[in-house]
Amino acid sequence: MKVLVIHRYYWPDTPPYASMLRTIVQRWVQDGHEVDVLTSQPSYKSAVDNSVQPARTELDGACVVRLNLPPESGKPLVRIRNAFKLGMRVLWQAVFRKRYDVIMVSTSPPVLAGWFVAIAARVSGARFVYHCMDIHPEIGRISGEFRNPKIYSFLSRMDRWTCSQAKPVVVLSHDMASSLENRCPGKPPETLVINNFSLPSDVVEYGETLPFEWPVEPFVLIFAGNIGRFQGLQVLVEAMACIADRDDIHLLMMGEGAEKENLTIQAQKTGARITFVGHHSVATAKVAMKKASAGFVSLMPELHKYAYPSKTMTYLEQGCPVLVSVEEDSCLANDIVKNRVGLAVANGDAQKLADAIKALADDSVELEAMHKNATALASREFSEEAVMVKWSSLL
């Protein structure tokens, strides 16, 4: 079939989905489909050396078309303008330039990307697949980005219509599917759960060594990812402050983000045993996860209904048990506890989180069992091959 895939960012750009989508495209090309990708020049992080790519090129057997869209981080007006520019190009590509059997878009830009693609698919007669890596505008309501009730209501109506046009809406968890179904209980959208696989990495740059000093403590908890407002990391720092007297426990925080400076100051004031090592590649993060005793994942309250943190799969692939701070009735907590690959504690409780960290550090036998279970679960449920079979089946 002829397939058009749209996303604001695509490999070699640095957001996780840019590499995940490349893997999906590679699989569809191997399955014999003709795939085009509509995206932008690398621009996700201005601090990264974003080398300019050809405006049109063949990559992995797919035709990749890149638009010149300026960096938009922290620039809402630029973000809106980019979304409209991408949306108009989608209409041109899918309605006038070439007819497709299937058009798929993810949630970047949020709401507007899906809405434009739904229109293009409806006009051209293509099957529309809406890959919701997260659900908007609900996440924007939680984050405060869409705090204006009129704007939120307008965007919510747009996305409900978009979901009604999709066959199917692909989501990462049953929590997310339920959230979409609860929007329209009388006529819920068609949903399909396909969770992510571990983040792809091209090479291991340093072998088993790392470009920074590893903590000397025997138990090292690692957080790898964006150090932002939505991860609830202030509670993690508070928990580490509660066990500052434990000279056998250390937290390694790998990443950048809006909250890094505040958390660094908080850690220094409390004497918490925490090291910040900045942003590193996926390959480096995987080496660190493999060395770590456990990994940390957290979500703000309610966020599990609208997202599922993909770093979970990357931890598990490296045999790294996972400590999750999230509602205990969530799919994420259930996946971790049911498969005995880590512990789950309610979000927002620093003392319970501190107790969970100590429990992991103090039970080497159970921790070793979790390491083995993590590797087995990743291979069975979240390996690239296991997930790619589902994407092949979808088409």
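Please refer to the structure placed before this passage.
Focus: the side chain of Arg8
- By the secondary structure assignment, Arg8 is in the loop between β1 (2-6) and α1 (16-30).
- Only 3.2 Å separates the side chain of Arg8 from the side chain of Glu72, close enough to count as a polar contact.
- In this structure Arg8 touches Thr39, Ser40, Gln41, Ser43, Leu69, Pro70, Glu72, Asn82, Leu86, Ser108 and Pro109, once residues within four positions along its chain are discounted.

Structural notes on a nonpolar patch on the surface
- Side chains of Leu77, Ile80 and Phe84 sit close together on the surface and give an oily, nonpolar patch of about 320 Å² of accessible area.
- By secondary structure assignment, the location of Leu77 is in helix α2 (residues 76-97).
- On the basis of relative accessibility, which here comes to 67%, the residue Leu77 falls in the exposed class.

A few points about the side chain of Asp248
- In this fold, Asp248 is placed in the loop between α7 (233-242) and β10 (249-254).
- There is a polar contact of 2.9 Å between the side chain of Asp248 and the side chain of Arg246.
- Beyond its immediate sequence surroundings of up to four residues, Asp248 is in contact with Glu217, Pro218 and Phe219.

Some thoughts on the environment of Asn182
- Structurally, the position occupied by Asn182 is in helix α6 (residues 174-183).
- Its relative accessible area of 61% is what places Asn182 among the exposed residues.

Focus on the sheet that holds strand β13 (residues 322-325)
- Spatially, the 6 strands line up as an open sheet ordered β11-β10-β9-β12-β13-β14, and their pairing is parallel. The two strands at the open ends of the sheet, each matched to only one other strand, are β11 (274-278) and β14 (342-345). Neighbour-to-neighbour, the strand axes of the sheet open up by a mean angle of 20°, direction not taken into account.
- Where strand β9 (residues 219-224) lies against strand β12 (residues 294-298), 2 bridges are found, and the strand directions are parallel. When the sheet's bridge partners are listed, Leu221 is paired in β12 with Ala294.
- Strand contacts of helix α12 (residues 350-362): β9, β10, β12, β13 and β14, with the helix running at about 170° to β14, the strand carrying the most contacts.

Notes on the pattern of salt bridges
- The final tally for this structure, using the stated rule, is 18 salt bridges.
- Its salt-bridge partner being Glu72, residue Arg79 comes within 4.0 Å of it at the nearest N-O pair.
- With relative accessibility at 29%, the residue Arg79 sits in the partly exposed group.
- For Asp362, the salt bridge identified is with Arg246, shortest N-O distance 2.7 Å. Of the two residues, Asp362 is situated in helix α12 and Arg246 in the loop between α7 and β10; the sequence distance between them amounts to 116 residues.
- One salt-bridge network, held together by shared partners, links Arg8, Glu72 and Arg79.

Quick look at the sheet that holds strand β5 (residues 102-106)
- Strand order in the open sheet made by the 8 strands is β3-β4-β2-β1-β5-β6-β7-β8, with mixed pairing throughout. What marks the edges here is a single partner per strand, and that holds for β3 (56-59) and β8 (191-193). For this sheet the average axis-to-axis angle between neighbouring strands, irrespective of direction, equals 20°.
- Relative to strand β6 (residues 127-131), β5 is paired through 5 bridges, and the arrangement is parallel. Its bridge partner being in β6, Val105 is matched across the sheet by Tyr130.
- Sitting on the sheet, α6 touches β7 (169-171) and β8, and the angle it makes with β8 is about 170°.

Brief notes about the packing of aromatic side chains
- This structure, assessed with the given rule, holds 6 aromatic pairs.
- On the basis of an interplanar angle of 75° and a centroid distance of 5.1 Å, the ring pair of Tyr9 and Tyr44 is categorised as edge-to-face. Taken together, the positions of Tyr9 in the loop between β1 and α1 and Tyr44 in the loop between β2 (34-40) and β3 put the pair 35 residues apart, joining distant regions of the chain.
- Looking at Tyr9, the relative accessible area reads 6%, which means it is buried.
- Aromatic rings pair up to connect Phe84, Trp115 and Phe116 into one cluster.
- Here the guanidinium or amino end of Arg22 rests over the ring plane of Trp11, the centre of that ring lying 3.8 Å away.

Rules behind the numbers
- Residues numbered from 1 in each chain as written.
- Predicted model: local features only at pLDDT ≥ 70, side-chain atom pairs only at ≥ 80, totals over all residues.
- Heavy atoms only, no water.
- Helix = DSSP H or I, 4+ residues; strand = E, 2+ residues; numbered from the N terminus.
- Polar contact = N/O pair within 3.5 Å; in protein donor to acceptor, adjacent residues only side chain to side chain.
- Contact = heavy atoms within 4.5 Å.
- Patch = residues over 30% accessible without salt bridge, like charges linked within 9 Å, V, L, I, M, F, W, Y side chains within 5 Å.
- Areas by Shrake-Rupley, 256 points an atom, 1.4 Å probe, with all protein chains shown as cover.
- Salt bridge = Lys/Arg side-chain N within 4 Å of Asp/Glu carboxyl O.
- Buried < 20%, exposed > 50% of the residue type's maximum accessible area, 1.4 Å probe, protein only.
- Pairing = 2+ DSSP bridges.
- Axes fitted to C-alpha atoms, helices over the stretch in contact; angles between N-to-C directions.
- Phe/Tyr/Trp six-rings, centres within 6.5 Å; stacked < 30°, edge-to-face > 60°.
- Lys NZ or Arg CZ within 6 Å of the ring centre and 35° of its normal.

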